[in-house]
Amino acid sequence: METVRLKVITIVAEAILEERLTADLKELGAAGFTISEARGEGSVGRRTMDWETQNLRFEVLVAESVARRILERLAADYFPHYATVAWVADAEVVRGEKYLGR
Amino acid sequence: METVRLKVITIVAEAILEERLTADLKELGAAGFTISEARGEGSVGRRTMDWETQNLRFEVLVAESVARRILERLAADYFPHYATVAWVADAEVVRGEKYLGR
Amino acid sequence: METVRLKVITIVAEAILEERLTADLKELGAAGFTISEARGEGSVGRRTMDWETQNLRFEVLVAESVARRILERLAADYFPHYATVAWVADAEVVRGEKYLGR
């Protein structure tokens with residue numbers, strides 16, 4: 001079966017950022033995303049920060065160029081201000097061409 | 001430590017498909033799976049579809065041959081009819097031989 | 001944009017193990033983790049075990065050396081006693097150096 005190599009970005013962010021982040025993801029070319037509820041604990045700099053606030057875990061399947069743009073937006077507008085975590089992994093997708101439109 | 005290279009398939013599908021999809025996964029050789037609740041938004045063709053219905057996110061750890069069979073089943077029986085998303089990634093597993101039995 | 005190659009470990013374990021497992025993850029060098037609720041079904045040896053108990057899905061972003069230590073701990077102290085599943089994948093992270101401190 002023919003598959004396409006894409007990237008999956010996982011973003012964990014505070015729930016209050018949902019509207020803003022989903023608007024950014026769409027603007028940057030994401031054709032869709034999956035959201036699940038999460039909580040976490042992490043450290044920012046030398047300070048330990050418990051995120052006992054509600055977090056959301058976003059998964060976004062995109063072409064590599066879109067992944068780059070999303071990471072750049074996160075680095076510029078989110079990481080400096082919010083306890084946000086993001087990572088990118090390789091994903092093999094059937095019918096992946098529908099994610100490559102933009 | 002000895003590890004085995006497997007595939008992890010992530011499938012996001014409508015909650016009403018749970019029974020059918022888990023039966024298919026077992027039939028095709030999956031030894032187990034993890035389910036969490038999710039919601040999403042995506043586009044199918046030119047039409048934007050909000051999946052405000054409850055979705056489930058399945059993760060299935062399998063040998064590559066089983067991953068192929070699962071993707072083929074999804075492409076044949078699910079993608080044409082349901083707002084289903086699936087992707088495959090590499091995973092390194094300890095005691096992975098227990099996933100290779102079928 | 002500069003990124004760092006890390007590992008993401010996904011662990012699915014019974015909810016009652018949360019306190020012990022998070023303590024172990026921190027002790028072994030994890031700077032943070034994300035937890036979401038999950039349920040699953042799997043087989044252990046020849047016996048099929050439905051985990052209808054509440055499970056948690058942990059995601060931990062770590063350097064490869066820390067990933068090894070976590071897998072070793074899981075193999076020694078968790079897998080023999082609990083229905084625990086764990087796998088490791090590659091992840092590309094912006095500002096990943098904050099995960100490499102230990």
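Look up: the structure comes first, before these words.
1. Some remarks on the packing of helix α1 (residues 18–27) of chain C against helix α2 (residues 64–78) of chain C
Residues and elements named next belong to chain C. Direction vectors running N to C along α1 and α2 enclose 145°, while the axes themselves pass 10 Å from each other. Where α1 crosses over α2, the two elements pack in a sense that is right-handed. Across the interface between the two elements, Arg 20, Leu 21, Asp 24, Leu 25 and Glu 27 of α1 pack against Ile 70, Arg 73, Leu 74, Asp 77 and Tyr 78 of α2. Taken together, the residues that form the contact of α1 with α2 break down as five nonpolar, no polar and five charged.

2. Digging into the relation of the copies chain B and chain A
For these two chain copies, the linking operation is a rotation about an axis paired with a shift along it. Screw-axis analysis of chain B against chain A gives a translation of 0.0 Å along the axis, an RMSD of 0.0 Å, and a rotation angle of 120°. Read as a symmetry element, the transformation amounts to a three-fold axis. Little of the interface of chain B is mirrored in chain A, where only 9% of its interface residues are also at the interface.

3. Focus on the interface of chain B and chain A
Residue-level contacts link 22 residues of chain B with 24 residues of chain A. For the pair chain B and chain A, the summed buried surface comes to about 1900 Å²; carbon and sulfur atoms form 47% of the total. When residues of chain B are sorted by the area they lose upon contact with chain A, Arg 39, Glu 41 and Trp 87 of chain B head the list and together hold 33% of the total. Taken together, the connections running from chain B to chain A amount to four salt bridges. The tally of links from chain B across to chain A stands at seven residue pairs in polar contact (both at pLDDT 80 or more). The set of elements that each furnish at least two residues to the side of chain B that touches chain A consists of β1 (3–14), β2 (33–44), α2 (64–78) and β4 (85–94) of chain B. In terms of residue count, β2 of chain B provides more of the side of chain B that touches chain A than any other element does, seven residues in total. Its residues assigned to classes, the side of chain B that touches chain A comprises 10 nonpolar, four polar and eight charged. Here two bridges tie strand β4 (residues 85–94) of chain A to β4 of chain B, and the two strands are oriented antiparallel to one another. Residue pairing across strands places Glu 92 of chain A opposite Val 88 of chain B, the latter belonging to β4 of chain B.

Each value, and the rule that gives it
- Residues numbered from 1 in each chain as written.
- Chains lettered and ligands numbered in written order.
- Predicted model: local features only at pLDDT ≥ 70, side-chain atom pairs only at ≥ 80, totals over all residues.
- Heavy atoms only, no water.
- Axes fitted to C-alpha atoms, helices over the stretch in contact; angles between N-to-C directions.
- Helix = DSSP H or I, 4+ residues; strand = E, 2+ residues; numbered from the N terminus.
- Left-handed = near helix turned anticlockwise from the far one by under 90°.
- Contact = heavy atoms within 4.5 Å.
- Nonpolar A, V, L, I, M, F, W, Y, C, P; charged D, E, K, R; others polar.
- Least-squares fit on C-alpha atoms with pLDDT ≥ 70 in both.
- Buried area = accessible area lost by both parts, 1.4 Å probe.
- Salt bridge = Lys/Arg side-chain N within 4 Å of Asp/Glu carboxyl O.
- Polar contact = N/O pair within 3.5 Å; in protein donor to acceptor, adjacent residues only side chain to side chain.
- Pairing = 2+ DSSP bridges.

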